[in-house]
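# Architecture at a glance
Chain residues, written in single-letter form:
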Amino acid sequence: MSVADTPRAVSAEGVLCTHCGLPVPAALVAPEPPQFCCSGCQMAYQVLHDAGLERYYDMSERRNLAVAATGRAYDEFDHEAFQQLWVRTRVDGLRETDLYLEGVHCASCVWLVERTPIAVPGVASAELDLSRGIVRLAWDPETATLASAARFLDTLGYRPHPFRGARADALRRKEDREALVMIGVAGAISMNVMLAAVAIYSGWGPGGMEGAFMRYFRWISMVLSVPTMIWPARPFFVGALSSLRTRTFHMDVPIAIALGGAFAHGVVNTFADSGPIYFDGVVTLVFLLLCGRFLQTRAQRAAVDSSELMHSLSPSIARVVENGEVREVPAEALVPGMILEVRHGDALAGDGVVDEGHSEIDKALLTGESVPQAVGPGDPVFAGTINRGATLRVRVERAGEESRVGQILREVERSASRRAPVVRTADKLAGRFVAAVLVLAAITLWRWYAIDPTRAMDNAIALMIATCPCALALATPLAITVAIGRAARRGILVKGGDALESLARPGVMVLDKTGTLTQGRSTLAEWQGPDDARARVLGLERHSSHPLAAGFAAAWPDMTPAESADVRSTIGGGLEGRAGGRDLVIGSPAFVLSRAADPEGLAAAGADRTLTPVLVAEDGVVVGRAAFGDALRSDAAESLAALRARGWKLRLLSGDAPAVVESVGERLGFAPADCRGGASPEDKLAEIEALSGSGTVVMVGDGVNDAAAIARADVGVGVKGGAEACLAAADVFLARSGLAPLVELTTGAARSLGIIRLGITISILYNVLGVALAYLGYINPLVAAIMMPTSSVTVVWIAWRGRTFDEATR
Amino acid sequence: MTVIYIVLPLALLVVFAAVLAYVWAARSGQFDDTKTPAIRPLIDDDGTRKPD
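What comes next is a walk through the structure. Note on numbering: residues in each chain are counted from 1, in written sequence order. As they are written, the chains are lettered A onward and the ligands numbered 1 onward, keeping that order. The predicted origin of the model limits local features to residues at a pLDDT of at least 70 and limits the giving and counting of side-chain atom pairs to 80 or more, whereas totals for whole chains, interfaces and linings rest on all residues. Only hydrogens and water are removed before side-chain values are computed, so all heavy atoms of the structure are retained for them.

### Concerning the overall build of chain A
Secondary structure is summarised from DSSP: a helix means a run of H or I of at least four residues, a strand means a run of E of at least two, and numbering begins at the N terminus for each. The secondary structure content of chain A amounts to 27 helices and 27 strands. We call a residue buried when its accessible area falls under 20% of the maximum for its residue type, exposed when it is over 50%, and partly exposed in between, using a 1.4 Å probe and counting protein chains only. Buried residues in chain A amount to 53% of all 810 residues. Whether two residues are in contact is decided by their heavy atoms: any pair within 4.5 Å suffices. Counting contacts in chain A only where the partners sit at least 6 residues apart, residues at least 24 apart contribute 67% of the total. Values of accessible area rely on a 1.4 Å probe in the Shrake-Rupley scheme; residue burial ignores everything except the protein chains shown. For chain A, the exposed surface amounts to about 34300 Å²; the carbon and sulfur share of it is 58%.

Okay, structure coming up:
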């Protein structure tokens, strides 16, 4: 969680930060501008000023996020092993690498990131891909280092990580380009064959067309269609062949039969100079099928990308102790048995056991628990967790993919690929449809053979073409694309159409507690004690980076902290020092009671056991008691009630202590049986797996600890403020805070499915009409020419006008 | 109307050229990132320092 997510004290005068535009806390307001809300913003301003990049502040759209620079040196980026893994040397002697940047999202980010060469001499170019947050840096190894560029980006709040998916990315990029080429070629051909078809159809009308011209257009159509059949349509034939060879029935088979059959008969009819030619239908079908597949592949890819981004986010550096010396090495170079030095604020690079030292570990990544836990020699610690206290030495037991985080990430990938077949709904529908048409055509052939053998073949194939599934192929993707676009404007980002389809029917929704139903940070819930002690408490807490210190600051924003001195902190205990002329002790009851008397019995006060108590003692006597808890989101109760009313079964699943989870569940109307606390990431995944099969399973969460469950669920939803990696694993990301968008999502999804069904029904009605006419032998090319575009236009209109996500969706 | 025997192949030649141009564009990566390049020209870069 970055600094930007912690509550910021609002100043009375409404002074705004010059850099990020957020309110400046009263204590930090300067006599005159520039004003800064935090040291991170001040640093970023200074760097931009020195580099002559003040034009950034003229931009109308800037990111209004306080800068949360890590201040790291990024020395490992220049390490030999790192360079070997991630850096390429170009032919012109420059070095090049791809970095994943956290937090890039608007035009000003593009401008700023691409100005890196101006600020960091020796960097030749920086090119940002905004939608994926990946920057390609090129630099001269003689005059610049990668670490200096990384430090510059970090100062501005764009935390750089090596982009670990670069190799797979290059491969997929090539596939993408080839798919686009095929779509373009198939599209160009289909448009031109359609033009010829218009001429042919209108030539059939009264007045007619001379036979020579008719023949000419038919030949032109055939010549144009041949390239489609041998190039863009190839995947269908190859797929059908391999499916026949392996004897697994595949939707490519009916598609290939229809394409091949219609094309062959068209060729025969062209040479015979009689009967329909079908080329227009065949090439358009190829074009539409390719479009549909491309869009679906892209949706699927988002899921795969996510796990790669997560790999990018795990720490890239580790400090290894060898022969008494500390060396920085890339995390990839870790092997079991090494001793790591983990300093304050560092993330662990591998799983292991504490060898030396006492500290507090923030396990939020794995458990979602917001309060750090004390560890000492012999305690197990895990990769990805963060050291919040003193320096530790850790003996590595498992590193990289073997670590617990690595296992979770692998599970995310596995789930993503397992779910892939569901995505191809449109293909499945088209395949079934084509199979049905083939059966009907066979019946027509057989019936007409008995009546008039000369017209049997023509009528059968006329039926196949009159039922060209253009409208059907369009209905689903179009409705979904429009719905996804509207949802995005309402702050709901949906990554794939299958998520909307699944959400349309109520099922089981599993909700994470911390950060999803609650705000995910410690807020002061109770305070008993003298008012004047508050300023002294703030004075002492100013020296602490503990989450509870931020909780005090957020609770009393207008209070000016008292002068403080001699502040000492004890890991797992609290703070001691002088503030406002008194000796203060603040911390856990055990810590404070060992140093002060408690005549009023404040330690035993407070009824709610789910809150974290903190005692305050002044000059050896306990005078105050504070209790911290994680506050519920304001719209949680209302939104959950709305979801229940829509038929969703809700369950609560959290890594937090069972008592806390039950108390929260009770307040929100969960039955005790539906609440589960103390769940590890693996437990969450198991729970989702156990639920699957009983209708749609939706997982709503915010942390990396939910990521595997989110990826495994039918639909994974990430909420605002969650870990970037978890949001990437989700099918749906709610960019508006609170739970109201979740209600909107289910309503919008149900409406979208309704529109899809309406579109499919109408296009099938058109087709049934076509089948009836063809079967009875009434098919007339003019009628077909009018019916085909009319059905497509109707379906497009329905998808466009349909109400899915809009202001009134509540 | 016989002019169509010449005009149509000519038109198809133009289409062929357009398709070739498209294939080149797709293969050389013009469509790899469709978001960022649209933003770049919105911010003009006339000298990096603001006139005081």
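Still more to cover.
### Describing the interface of chain B and chain A
Size of an interface: often given as the accessible area lost when the parts come together. With 30 residues of chain B in contact, the opposing surface of chain A contributes 36 residues. Summed over both sides, the interface of chain B with chain A buries roughly 2800 Å², with 61% coming from carbon and sulfur. For salt bridges, the criterion is a side-chain nitrogen of Lys or Arg within 4 Å of an Asp or Glu carboxyl oxygen. Run the count over chain B and chain A and you get three salt bridges. Between B:Asp32 and A:Arg177 there is a salt bridge whose closest N-O contact spans 2.4 Å. What qualifies as a polar contact is a pair of N or O atoms within 3.5 Å, subject to a donor-acceptor requirement within protein and to the restriction that residues adjacent in sequence count only when both atoms come from side chains. Across the chain B-chain A interface, the total number found is seven residue pairs in polar contact (both at pLDDT 80 or more). The term buried area denotes the loss of accessible surface (1.4 Å probe radius) that occurs when two parts are joined, taken as the sum for both partners.

### Some details on the packing of aromatic side chains
Residue and element names in this part refer to chain A. Each aromatic pair joins two rings of Phe, Tyr and Trp (for Trp, the six-membered one) with centres within 6.5 Å, and gets the label stacked for planes under 30 degrees apart, edge-to-face for over 60, and tilted for any other angle. In the structure shown here, the tally under the stated rule is 13 aromatic pairs over all chains. Where Phe 552 meets Trp 556, the ring centres are 5.5 Å apart and the plane angle is 45°; that geometry is what we call tilted. Of the two residues, Phe 552 and Trp 556, neither departs from the other in class, the shared state being buried. On the basis of relative accessible area, Phe 552 is assigned to the buried category, the value being 1%. Members of the aromatic cluster, connected to one another through ring pairs, are Phe 36, Tyr 45, Tyr 56 and Tyr 57. Lysine NZ or arginine CZ positioned within 6 Å of the ring centre and within 35 degrees of the ring normal marks a charge as sitting over the ring. The ring of Phe 670 is capped by Arg 644, whose NZ or CZ atom sits 5.1 Å from the centre of that ring.

### Brief notes about the packing of helix α18 (residues 533-541) of chain A against helix α19 (residues 547-555) of chain A
Residues and elements named next belong to chain A. Where α18 contacts α19, the axes come no closer than 10 Å and their chain directions differ by 140°. One element, α18, and the other, α19, form an angle in the oblique class. Note on packing geometry: the crossing formed by α18 with α19 is left-handed. Where α18 approaches α19, its residues Val 537, Leu 538 and Glu 541 are matched on the opposing element by Ala 549, Phe 552 and Ala 553. For this classification, the nonpolar set comprises Ala, Val, Leu, Ile, Met, Phe, Trp, Tyr, Cys and Pro, the charged set comprises Asp, Glu, Lys and Arg, and every other residue, Gly included, is treated as polar. Partitioned by chemical class, the residues of the contact of α18 with α19 number five nonpolar, no polar and one charged. To obtain each axis, a line is fitted to C-alpha atoms, and for helices this fit is confined to the stretch in contact; angles are then taken between N-to-C directions over 0 to 180 degrees. Just so you know how the angles are binned, under 35 degrees is roughly parallel, over 145 roughly antiparallel, 65 to 115 roughly perpendicular, and the rest oblique. Whether a crossing is left-handed or right-handed is set by the direction in which the near helix is turned from the far one by less than a right angle, anticlockwise for left-handed and clockwise for right-handed.

### Let's talk about unusual backbone geometry
All names here are of chain A. Residue Asp 619 is not a glycine yet carries a positive backbone phi of 45°. Note that Asp 619 resides in the loop between β21 (612-618) and β22 (621-632). We classify Asp 619 as partly exposed; its relative accessible area is 46%.

### A look at the sheet that holds strand β10 (residues 359-362) of chain A
Residues and elements named next belong to chain A. Strand order in this open sheet of three strands is β11-β10-β13, and the pairing throughout is antiparallel. A strand with exactly one partner marks an edge of an open sheet, and here the two such strands are β11 (373-375) and β13 (386-387). Bridging between β10 and β11 involves three bridges; their strand directions are antiparallel. If you follow Ser 359 over to β11, its bridge partner there is Val 375. Criterion used throughout: strands pair if DSSP finds at least two bridges between them.

### Regarding the sheet that holds strand β23 (residues 649-653) of chain A
Residue and element names in this part refer to chain A. One open sheet accounts for seven strands, arranged β15-β27-β26-β25-β16-β23-β24; its pairing is mixed. Every other strand in the sheet has two partners, leaving β15 (492-494) and β24 (675-676) as the edge strands with one partner each. One ladder, built from four bridges, connects strand β16 (residues 508-511) with β23; its direction is parallel. In the strand pairing of β23, Met 509 is matched with Leu 650. Against the sheet, helix α23 (residues 681-691) makes contact with β16, β23, β24 and β25 (697-701), and its axis sits at roughly 160° relative to β23, the strand it touches most.

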